Amino acid sequence: MAEIFTSAFWAEYGGILAEGVWDTLVMTVMSTLFAYLIGLPMGVLSVLSQPHGIRPHKAANAVLGWIINIGRSFPFAILMVALFPFTKLVMGTRLGLRGAILPLVVASAPFVARMVETSLSEVDAGVIEAAQSMGASTFQIVWKVYLPEAMPSLILGGSITLIAIVGYTAIAGMVGAGGLGDLAIRYGHQRNVPSVMWVTVVILVIIVQVVQSVFSRLSVRIDKRLK
């Protein structure tokens, strides 16, 4: 462990650690963006189609519920392996950054949908009824009432999603996706260089702490209830 604090260690491993951090951040950001592109509409539709929603639809709500629940039930490692053929077909490879994005999105989108559904369900029904009484359309209610009112909760949900995806990227690294997880396995286990593994763990902890801190402060700043 003491070798971590030597210049020789960073001269030998600093480059690959920097590349691992970059790969992890790219996988996390890209997967989060695509997961929200899919999961946000799913979460909104799930809330709207609930029996007490503004556009109740029992069948649609049931289908969405099943899709979200099934997607969240798969352990990520199993899901990633199961998607290998599909990932190779769509992305052209199942390895590296390109090979990791698709399974990360598939795993994260249902998680995002449930987080969005939970956040929107917390919006005061009285506010929704007031918007309806003024003749607001469904789109206007979603865009100008649901999303703004739920924004503090949505931001906190975003931090949870990012942290979960960071954890997924570490698992993805175990099967050739690159990033910090790949370094921890290749150097910490296969090459018996535990110092590299511990550095990757520290970096992952720092990333999680930064994400949680930034999103928590942002949520507090925009929460009208605290002003």
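Residues numbered from 1 in each chain as written. Predicted model: local features only at pLDDT ≥ 70, side-chain atom pairs only at ≥ 80, totals over all residues. Heavy atoms only, no water.

Caption draft 1: Summary view of the packing of helix α1 (residues 7-48) against helix α7 (residues 138-172). Packing of α1 against α7 brings their axes to within 9 Å, and their N-to-C directions diverge by 140°. When the interaxial angle is binned, α1 and α7 end up oblique. Of the two elements, α1 crosses α7, and the hand of that crossing is right-handed. Of the residues in α7, those touching α1 at Thr24, Met27, Thr28, Ser31, Thr32, Tyr36, Leu40, Val44, Val47 and Leu48 are Thr138, Val142, Tyr146, Leu147, Leu154, Gly157, Gly158, Thr161, Leu162, Ile165, Val166 and Thr169. When grouped by side-chain class, the residues that make up the contact of α1 with α7 number 13 nonpolar, nine polar and no charged. (Axes fitted to C-alpha atoms, helices over the stretch in contact; angles between N-to-C directions. Helix = DSSP H or I, 4+ residues; strand = E, 2+ residues; numbered from the N terminus. Parallel < 35°, antiparallel > 145°, perpendicular 65-115°, else oblique. Left-handed = near helix turned anticlockwise from the far one by under 90°. Contact = heavy atoms within 4.5 Å. Nonpolar A, V, L, I, M, F, W, Y, C, P; charged D, E, K, R; others polar.)

Caption draft 2: Here's a closer look at the pattern of salt bridges. Taken as a whole and judged by the stated rule, the model has two salt bridges. Between Arg114 and Glu117 there is a salt bridge, and its shortest N-O distance comes to 2.3 Å. A residue pair is termed a helical-turn pair when its members lie 3 or 4 positions apart in one helix, as Arg114 and Glu117 do in helix α5 (residues 96-121) at three residues. Note that Arg186 and Asp182 form a salt bridge whose closest N and O atoms lie 2.8 Å from each other. Placement of the pair is Arg186 and Asp182 together in helix α8 (residues 179-190), with a separation of four residues, close to one helical turn. In this structure Asp182 comes out as buried when scored by relative accessible area, which is 15%. (Salt bridge = Lys/Arg side-chain N within 4 Å of Asp/Glu carboxyl O. Buried < 20%, exposed > 50% of the residue type's maximum accessible area, 1.4 Å probe, protein only.)

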